[in-house]
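Notes for the structure review
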Amino acid sequence: MGANGSSISELPDNEYLKKLSGPEAISENDPFWNQLLSFSFNTPTNSAELKLLEEAAVSVCKSLVGNNPRTGNLAALIKVFLSRTKELKISAECQNHLFIWQAHNALFIICCLLKVLVCQMPEEELQLHFTYEEKTPGTYGSECEDLMEELLCVLIQLIVEIPLLDITYSISLEAVTTLVVFLSCQLFHKEILRESIAHKYLMHGRCLPYTSRLVKTLLYNFIRQERSPPPGAHVFQPESDGGGLLYGIASGVATGLWTVFTLGGAGSKRTPQQEESSPLANQSLLLLLILANLTDAPDAPNPYRQAIMSFKNTQDSTALPSPNPHAFQINFNSLYTTLCEQQNLDQATLLLYTLLHQNTNVRTYMLARTDMENLVLPILEILYHVEERNSHHVYMALIILLILTEDDGFNRSIHEVILKNITWYSERVLTEISLGSLLILVVIRTIQYNMTRTRDKYLHTNCLAALANMSAQFRSLHQYAAQRIISLFSLLSKKHNKVLEQATQSLRSSLSSDGSPLPDYAQDLNVIEEVIRMMLEIINSCLTNSLHHNPNLVYALLYKRDLFEQFRTHPSFQDVMQNIDLVISFFSSRIEQAGAELSVERVLEIIKQGAVALPRDRLRKFPELKFKYVEEEQPEEFFIPYVWSLVYNSAVALYWNPQDVQLFTMDSG
């Protein structure tokens, strides 16, 4: 650090950092700070270099922790940063690169130090380090007790008030990252933190009035997807031939400044991934999810979650004032477009789930869109590539479908959207298919994958619930979708027979001489019979409500009619089999009357004619199949580890030592 360039490996021996962390107290007005904050080094470009930066920061922090109670240098550094933020907005408007650059560098050092301190000590001890001043060891002044709160508040003000320009991009990103670091104490606890110091400051006092503006800004950062400015966009330009002493110092180091966020040194060419990525959008989304999933305070609900639950569309002129003090308006069209484009990211899918589940304004808007395929197709692609996705991402995608299928309008409209050439669906060439039929194909494929691989009952249940919600609205099912529905039933039937045979053999050998415990096949049989009944109810719902719209399903039923024979007299399925049996008998009779060796086209024509002729009152009416997504009790036990696993795996500028992380196991992400 300092006016000369440094490499990461040299940081522990850097004279300026040694002085900062050493035994000598440094006044806030000391020229040292200008020297410290005029630094340059080639920034990390991979995880190995990020690890080196972490290790260098650990070395500096070890010395700082020992000396800070006597010197108060951490508080002095923070106060230097706070003093420089007061003019940041004017500096941005006046293009004052030098001022912004040094403020950014101060925050960068603070963030690096905080990250190590948060990892290595309890929050109470960390808070003490904010209060130490130059005086007798172990004593501190009351006037400094809220320095942590002041820093948090200033970071939020910086995010919401500083205009996003090329010269402010890095400091805006550093402010977001530092807030993530402040809250990262959760990573180092196995249990869910419910009353941390950072929570208290963010939910009360000076930070609280900024709640809606912070959430809105983070959302807009995500929506805008602003890429990192190219290296050199922030470089100082001389105002005259001389440029002055400050320019002389700054120009020598500014070209190497562009820090961790562009993941490249001075003048380096950005990779295609960097060209396409937006670190600020990514970090803003992660911070938004962290804030949304903070646990409620003992005396008040989480205000950030309230803001996310209640914001409205800027285009909605009829929107009534909300009683929620944290409500605001945002452009739903822009939000929808970005969400559609970003669903390959876990965190974007989690945001979509959060909005659909918790914000009725967003859900109503999305369900009214006439281009729902732009949202549904990326979700289906997540499920289709289930082997490549982590289980949490798959669950979120599936629950999103379940929430969407709760709406009858959605279930009708998806069969009216015709898609052409779905290139990512490789089992069969789909030159033309409705969105509804494709959705059925992907959900069935997910069920079949789960049956052979993960065998997760929760995933099974949600897949079947989505199909059940849609079943009464099935329209013009693609022949392949109809075949796959019956093929799934065939697979379940074979599995049922296999388990039944194993159970029978187990009973016969129950008096085996070795007395070893026998497998509990009764439970397996019960589970498979529940799934079979659900499939029969789905087929029955379609036949009862939209028989005349689905000749391909009737054709598939007739082609595999023998599959259903064994379930006609089964006590668990007799009632739901009545309509299916009636349909099979009715159409089989009409086809037999038409003669032998009929073409597929002729059989379908007979089915269409028969669907009109079959009296509706002959089909028994059953209660409508409707399943509603209900969040688990204590959802934070799932969502908080999930969000922090995303931070652990996704944060561009942060390295987390796996040995320190306790919230989740390293394979959970």
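Residues numbered from 1 in each chain as written. Predicted model: local features only at pLDDT ≥ 70, side-chain atom pairs only at ≥ 80, totals over all residues. Heavy atoms only, no water.

Heads up, the condition is: UniProt positions are given in the numbering used here, feature names are shortened, and annotations may be inferred rather than shown by experiment.
The name that an unreviewed UniProt entry assigns to the chain is Dymeclin, with the source organism given as Gekko japonicus. Check the Sequence similarities (unreviewed entry) section of the UniProt entry for the chain; it says "Belongs to the dymeclin family."

Structural notes on the overall build of the chain
Convention followed: A run of DSSP states H or I qualifies as a helix once it reaches four residues; a run of E qualifies as a strand once it reaches two. Both are numbered from the N-terminal end. Residue contacts are defined here by distance: any two heavy atoms, one from each residue, within 4.5 Å place the two residues in contact. For every accessible area listed, the method is Shrake-Rupley and the probe measures 1.4 Å; residues are considered covered only by the protein chains on display.
Helix and strand content of the chain: 29 helices and six strands. Expressed as a percentage of contacts within the chain between residues at least 6 apart in sequence, the contacts between residues at least 24 apart total 75%. In the structure as shown, the chain presents an accessible area of about 29,300 Å², 49% of it carried by carbon and sulfur atoms.

Points about the side chain of Ser471
Condition: Pairs of N or O atoms within 3.5 Å make up the polar contacts considered here, provided that, within protein, one atom can donate a hydrogen while the other can accept it, and that residues adjacent in sequence are counted only when both atoms are side-chain atoms.
Turning to its location among the elements, Ser471 is positioned in helix H23 (residues 457-471). A distance of 2.7 Å separates a polar side-chain atom of Ser471 from the backbone oxygen of Ala468. Not counting the four nearest positions on each side in its chain, Ser471 is found in contact with Ile538, Ser541, Cys542, Ser546 and Leu625.

As for helix H4 (residues 73-85)
Filter applied, for reference: Expected span, for any helix, means 1.5 Å times one less than how many residues it has. Only protein chains enter the area calculation, which uses a 1.4 Å probe; residues under 20% of their type maximum are buried, those over 50% are exposed, and those in between are partly exposed.
For H4, spanning 13 residues, the distance from its first C-alpha to its last is 18 Å, which sits close to the expected 18 Å at 1.5 Å a residue. Counting buried residues in H4 gives 11 out of 13 residues, a clear majority hidden from the surface. The complete set of buried residues in H4 reads Asn73, Leu74, Ala75, Ala76, Leu77, Ile78, Val80, Phe81, Leu82, Arg84 and Thr85.

Concerning helix H26 (residues 551-559)
Residues three or four positions apart in an α-helix share a direction because the helix packs 3.6 residues into each turn. Every buried residue of H26 is listed here: Pro551, Leu553, Val554, Ala556, Leu557 and Leu558. Looking at the buried positions of H26, the neighbouring elements they touch are helix H24 (479-508), helix H25 (521-546), helix H27 (574-593) and helix H28 (600-613).

Side note on the side chain of Asn462
Checked against the element boundaries, Asn462 lands in helix H23. Using a relative accessible area of 7% as the deciding quantity, one classes Asn462 as buried. Non-local contacts of Asn462, meaning those with residues more than four positions away in its chain, are made with Leu398 and Leu402.

Re the pattern of salt bridges
Quick note on the threshold: Within this document, salt bridges are pairs made up of a side-chain nitrogen of Lys or Arg and a carboxyl oxygen of Asp or Glu, the two lying within 4 Å of each other.
Per the stated rule, a full pass over the model turns up 17 salt bridges. Of the charged contacts in the structure, one is a salt bridge between Glu387 and Arg445, with a shortest N-O distance of 3.5 Å. Of this pair, Glu387 sits in the loop between helix H19 (373-384) and helix H20 (391-404) while Arg445 sits in helix H22 (residues 435-452); the two residues are 58 residues apart in sequence, bridging distant segments of the chain. Overlapping salt bridges bring together Arg194, Glu636 and Glu637 as one network.

Here's the deal with the packing of aromatic side chains
Worth spelling out the cut-off: Pairing of aromatic rings covers Phe, Tyr and Trp, the last through its six-membered ring, and needs centres within 6.5 Å; plane angles under 30 degrees mean stacked, over 60 mean edge-to-face, and all others mean tilted. Should the NZ of a Lys or the CZ of an Arg lie within 6 Å of a ring centre and within 35 degrees of the ring normal, that charge is described as sitting over the ring.
Evaluated as defined, the whole model comprises 20 aromatic pairs. Centre to centre, the rings of Phe638 and Tyr642 are 5.8 Å apart; their planes meet at 45°, and the pair counts as tilted. Of this pair, Phe638 and Tyr642 both sit in helix H29 (residues 636-650), separated by four residues, roughly a single helical turn. A relative accessible area of 28% means that Phe638 is categorised as partly exposed. Among the aromatic side chains, those forming a connected cluster through ring pairs are Phe311, Phe328, Phe332, Tyr336 and Tyr365. The lysine or arginine in question, Lys200, covers the ring of Tyr201, its NZ or CZ lying 5.1 Å from the ring centre.

Brief notes about the packing of H25 against H26
Test applied: Axis geometry follows a simple rule: fit a line to the C-alpha atoms, using only the stretch in contact for helices, then measure angles between N-to-C directions, giving values from 0 to 180 degrees. Every angle not falling under 35 degrees, over 145, or within 65 to 115 is termed oblique; those three ranges are roughly parallel, roughly antiparallel and roughly perpendicular. Here is the rule for handedness: rotate from the far helix to the near one, and if that takes an anticlockwise turn smaller than a right angle the crossing is left-handed, while a clockwise turn gives right-handed.
Running from N to C, H25 and H26 point in directions that differ by 130°, and their axes come no closer than 11 Å. In terms of their interaxial angle, H25 and H26 are classed as oblique. In the packing of H25 onto H26, the handedness of the crossing is left-handed. Note on element contacts: H26 touches H25 through Leu553, Val554 and Leu557, opposite Ile539, Cys542 and Leu543.

Considerations on the packing of H25 against H27
Contact geometry of H25 with H27 gives a least axis separation of 9 Å together with a crossing angle of 50°. Comparing their axes, H27 and H25 come out oblique. As H25 runs across H27, the sense of the crossing is left-handed. Across the interface between the two elements, Arg533, Leu536, Glu537, Ile539, Asn540, Leu543 and Thr544 from H25 touch Asp575, Val576, Met577, Asn579, Ile580 and Val583 from H27.

Side note on the nonpolar core
The tendency in soluble globular proteins is for nonpolar side chains to be buried side by side. Short version of the rule: Joining through side-chain atoms within 4.5 Å is the link that ties buried Ala, Val, Leu, Ile, Met, Phe, Trp, Tyr and Cys residues into a set, and such a set is a nonpolar core.
In this structure, Leu36, Phe81, Leu151, Tyr425, Leu438, Ile485 and Phe564 are the most contacted members of the largest nonpolar core, which totals 228 residues. Sort the elements by how many residues they give to this core and helix H6 (residues 97-120) lands first, with 15 residues. Not counting chain neighbours up to four residues away, the residues in contact with Leu151 comprise Ile78, Phe81, Leu82, Ile110, Leu114, Phe130 and Phe182.

Looking at the environment of Arg568
By the secondary structure assignment, Arg568 is in the loop between H26 and H27. Residue class for Arg568 comes out partly exposed when judged on its relative accessible area of 36%. If sequence neighbours within four positions are ignored, Arg568 has contacts with Gln574, Met577 and Asp581. Side-chain polar atoms of Arg568 contact the side chain of Asp581, separated by 3.3 Å.

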